[in-house]
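Descriptive structure summary
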Amino acid sequence: MEAKRISGLAYAQSSLLGHEANKALDGNTETYWEAEPYYQWWMLDCEGLYDIETIIVETKSDGDKFYRYAIEYSTDRINWQELYEKTDNELPISGGETYEAHVRARYIRITMTYCSKGEAVSLVRVEAVGCPAENVDLGSQELTKARVRAVECDEVCGFEQQETDEMEPGWTDQ
């Protein structure tokens, strides 16, 4: 099967008004995701398991501004593996950086860890290229099969029962 651009849904830890997470997926280089202060994450949900070959990351280029970030991937949004960490002071290149991936994942997360000018970080474009995973036996995947709700424990066991609406943006409790 020929690899192609993977479409999906974008989420972020936070966003500045007018610079929402989905702007990094819209294909328009005039729009972008932006958040502050740095140490913010942005995530792509591929909406299915994919064999991802490459990931393209394009950051906003403003003269001599550079970014540092980490790229991680996951099949279950709980267990993350690092793919690459950009720690140099190299300026962004036109069209973005292309990273060889060769991983099976549903989620890609980019954590922006530094910006050389100011506290705002941005992603102009994120693109994942790959194919839907074939012959996937979900029983053999190392997915988290059960979660224990903290509200089912009591204070004697070390948990205090609370109700909260705090979830990652775009996600709801089931």
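Use the structure listed above.
One structure accompanies this document, and this report is about it. (Residues numbered from 1 in each chain as written. Predicted model: local features only at pLDDT ≥ 70, side-chain atom pairs only at ≥ 80, totals over all residues. Heavy atoms only, no water.)

Describing the nonpolar core
If you look at the biggest cluster of nonpolar residues, it comprises 31 residues, and the most contacted ones within it are Trp33, Trp42, Ile52, Ile110 and Leu123. The set of elements that each furnish at least two residues to this core consists of strand 2 (9-12), strand 3 (33-35), strand 4 (40-58), strand 5 (67-74), strand 7 (97-115), strand 8 (121-123) and strand 9 (125-132). In terms of residue count, strand 7 provides more of this core than any other element does, 8 residues in total. Excluding its chain neighbours within four sequence positions, the residues that come into contact with Trp42 are Ala10, Tyr11, Ala12, Ala21, Ala24, Leu25, Trp33, Ile108, Arg109, Ile110, Leu123 and Val126. (Core = buried A, V, L, I, M, F, W, Y, C linked by side-chain atoms within 4.5 Å. Buried < 20%, exposed > 50% of the residue type's maximum accessible area, 1.4 Å probe, protein only. Helix = DSSP H or I, 4+ residues; strand = E, 2+ residues; numbered from the N terminus. Contact = heavy atoms within 4.5 Å.)

Describing the side chain of Thr54
Counting through the fold element by element, Thr54 comes out in strand 4. For Thr54, the residues in contact, after removing those within four places along its chain, are Thr98, Tyr99, Glu100, Ala101, Glu127, Ala128 and Val129.

Considerations on the environment of Tyr67
Relative to the helices and strands, Tyr67 is located in strand 5. Using a relative accessible area of 2% as the deciding quantity, one classes Tyr67 as buried. Linking Tyr67 and Asn89, residues 22 residues apart in sequence, is a C-alpha distance of 7.3 Å. Non-local contacts of Tyr67, meaning those with residues more than four positions away in its chain, are made with Thr59, Lys60, Lys86, Asp88, Met112, Tyr114, Cys115, Ala120, Val121 and Ser122. A distance of 3.0 Å separates polar atoms of two side chains, one belonging to Tyr67 and the other to Ser122. (Polar contact = N/O pair within 3.5 Å; in protein donor to acceptor, adjacent residues only side chain to side chain.)

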